[in-house]
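Each chain, letter by letter, is given below.
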Amino acid sequence: MVANGPKLRLLPRLDDNVAFYWTSGEDGVLRLLHCNACGFFIHPPGPVCPRCLSRDLAPEAVSGRGHVETFTVNHQQWIPGSDPYIIAWVSIDEQPDVRLTTNLVDIEPDDVRIGMPVRVVFEQAEDVWLPLFTPEGAS
Amino acid sequence: MSPTPVEEPLERRAVISGIGQSAVGRRLGRSDLDLTVEAALAAIADAGLSRDDIDGLSTYPGMGAGTPGFGGPSSPEVQDALGLSLNWHDGGGEGPAQMRAVMAAALAVAAGLARHVLVYRTVTEGTAQGTGGRPGIGGSGGGRGGAPRFGSFMQWSLPFGAVSAANWIAMVGQRRMHEFGLTREQLGQIALNGRRNAALNPKAIYTDPLSLDDYLAARIITTPLCLFDCDAPCDGSTAVVVSHRDTAGDLDHPAVHINALGTALRGRPSWDQFDDMTSMAARDAAASMWERTELTPADVDTAQLYDGFSVLAIVWLEALGFCARGESGPFIEGGGAIARDGVLPLNTAGGQLSGGRLHGFGLIHEACVQLRGEGGERQVVRPAGRLPEVAAVANGGGPIAGTMLLTRGVG
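In short, a report on the structure. (Residues numbered from 1 in each chain as written. Chains lettered and ligands numbered in written order. Predicted model: local features only at pLDDT ≥ 70, side-chain atom pairs only at ≥ 80, totals over all residues.)

A count of helical and extended segments in chain A gives one helix and nine strands. The secondary structure elements of chain A, listed N-terminal to C-terminal, are β-α-β-β-β-β-β-β-β-β. Taking 139 residues into account, the globule formula puts the C-alpha radius of gyration at 14 Å, and chain A, at 15 Å, falls close to it. Principal-axis analysis of the C-alpha atoms places the extent of chain A at approximately 45 × 30 × 25 Å. Out of the 139 residues belonging to chain A, those deemed buried represent 41%. (Helix = DSSP H or I, 4+ residues; strand = E, 2+ residues; numbered from the N terminus. Rg over C-alpha atoms; globule rule 2.2 N^0.38 Å. Buried ≥ 20, exposed ≤ 12 C-beta atoms within 10 Å, placed from the backbone.)

Turning next to the nonpolar core. Residue and element names in this part refer to chain B. Core analysis: the largest hydrophobic core is formed by 155 residues, its most contacted members being Leu118, Val242 and Trp316. Sorting elements by how many residues they give to this core places helix 3 (residues 100-110) first, with nine residues. Sequence-distant contacts of Trp316, defined by excluding residues within four places in its chain, comprise Ala282, Leu305, Tyr306 and Ala394. (Core = buried A, V, L, I, M, F, W, Y, C linked by C-beta atoms within 7 Å. Contact = placed C-beta atoms within 7 Å.)

Attention now moves to the sheet that holds strand 2 (residues 30-35) of chain A. Residue and element names in this part refer to chain A. Across the sheet, which stays open at both edges, the three strands sit in the order 3-2-4 with antiparallel pairing between neighbours. Both outer strands of the open sheet, strand 3 (41-42) and strand 4 (57-62), are each paired with one neighbouring strand and no more. Pairing between strand 2 and strand 3: two bridges, direction antiparallel. Residue His34 lies in a different strand from strand 3, and its bridge partner there is Phe41. (Pairing = 2+ DSSP bridges.)

On to the interface of chain A and chain B. By a frequent convention, interface size equals the accessible area lost on bringing the separate parts together. Residue-level contacts link 32 residues of chain A with 34 residues of chain B. Those elements giving two or more residues to the side of chain A that touches chain B turn out to be strand 1 (11-12), strand 5 (65-74), strand 6 (85-92) and strand 7 (95-103) of chain A. In terms of residue count, strand 5 of chain A provides more of the side of chain A that touches chain B than any other element does, six residues in total. Its residues placed into classes, the side of chain A that touches chain B shows 14 nonpolar, 10 polar and eight charged. (Nonpolar A, V, L, I, M, F, W, Y, C, P; charged D, E, K, R; others polar.)

Another point: helix 9 (residues 310-319) of chain B. The element helix 9 of chain B is extensively covered by neighbouring structure, given that 10 of its 10 residues are classed as buried. Looking one or two residues past helix 9 of chain B, Gly321(B) carries a phi angle of roughly 85°, positive in sign.

With that settled, consider the sheet that holds strand 9 (residues 256-262) of chain B. Residue and element names in this part refer to chain B. Here we have nine strands laid out as an open sheet, ordered 3-2-4-8-1-9-12-11-10, and mixed in their pairing. One side of each edge strand has no neighbouring strand; the edge strands of this open sheet are strand 3 (88-91) and strand 10 (302-305). Here the strands of the sheet are splayed against their neighbours by 25° on average, with no regard to which way each runs. Pairing between strand 1 (residues 14-21) and strand 8 (residues 235-244): seven bridges, direction antiparallel. Looking across to strand 8, one finds that Gly18 is bridged to Val241. (Axes fitted to C-alpha atoms, helices over the stretch in contact; angles between N-to-C directions.)

So, about the pairing of strand 9 (residues 128-135) of chain A. Residues and elements named next belong to chain A. With respect to burial, strand 9 is a largely interior element, six of its eight residues being buried. In terms of strand pairing, strand 8 (residues 117-125) meets strand 9 through eight bridges, oriented antiparallel. Across the sheet, Gln124 pairs through a bridge with Trp129, a residue of strand 9. Hairpin connection, strand 8 to strand 9: the antiparallel pair is bridged by two residues, and Glu126 has positive phi, about 55°.

Here it is, written out as structure tokens:
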């Protein structure tokens, strides 16, 4: 069995522009910064839409569904005491060119397939809700 | 979109007139400034110049950058240590990878800001890491638990234990296995080729024979990468002198001409957001280089391609057009094509995997050595006894990439 992630979660600072993202999971919903002018999801968050340059931006809920684009099983002890864990890039279904670096949980490495559907689950660490992903259909 | 073409790319006004390298080793226990002075004086002498001829100075990544042992001395430290009087100076870590310092020097020479620019890159990562392994991870601004917190781009990967470029590049490799059928047996040829060549490089870090079985049995770092897919931290300094081509006639060896620079970054500057997960910035840098030259991949006699991780070298093989997109696995299979007597001699001093992590500049140095015919036992000789005339050098990986085409001048 692999771990859900490293033994120690190195956490983000909840700076004003990203606090919404890192705390979004408190109600179980993933939110991304969204351009109200052109509909583009902006990730990582920025002050302006890089597609249309509008500043009319706000967090918007997404389904939390995505697909595994690629992954690796980390064995190196970057963070001492960690068991192997799965790192992945997951694309967001609403806009697949948005990818989140994340951990895959409730799955063994041999069962991971690039292209497999996954959905978000959150792991709370202090005041941060980390978006992790689990196979679609898992309980 | 490409910039407006110029009649002659201005980088062609520049040559690499001299090269120098300090001692290189796993842990030399010498200061970065000491090593840099050794390399710099060797490069200046090699160019047939004196310290007083040097009027420009450039380095990557400059003051205070990165983890211990990574940055080397700053340009002010080196200027002062060598007593240089400068018309132009530069140091920085952003741009087309490590070779940005050489590119900046070439452009300064072309613009007439300087005539002879000393360019260096120094690492003491071997000594800095000591025997205790890699350094810890810094952060700032405690959270509720008092532990450091992270901002900037690292916040998107650190919480998930994606701590190292090894993790990110492993995902590029895994994606290549999925899209192109790359195998570990194929990927291993980058490490095996480097080790074979390192055996003929007296300064190389690892020279013991390495077999495919050894490679496949090695400790996994982050799948699909094993220990031998990751470069070897070391101590060493590499320096080159970039001069105006008008001075090339004074040299007692062939000048190495800069034919074209590849500097583009057309995709997003991000590991996880870049549109093509199998190539990234190498694709753009390589495309922009070929847009600036009449030469083609078929003209290249040797390639010195960044192998901080093995996957990066195969990304560059495709990006530079030595094989088609997705075809690097079959291209390197068995290792014949990239051997010194193959169609594309690759990383002939052992690359960074076995030669040591001189961080891009070891590859630049070796390209010059080969073009000048000074490779000794490891000298590449092309069919009909011809010495290499064109070398491609590439630095960087992921969203960071720069590449250069170098040619041998008369002399």
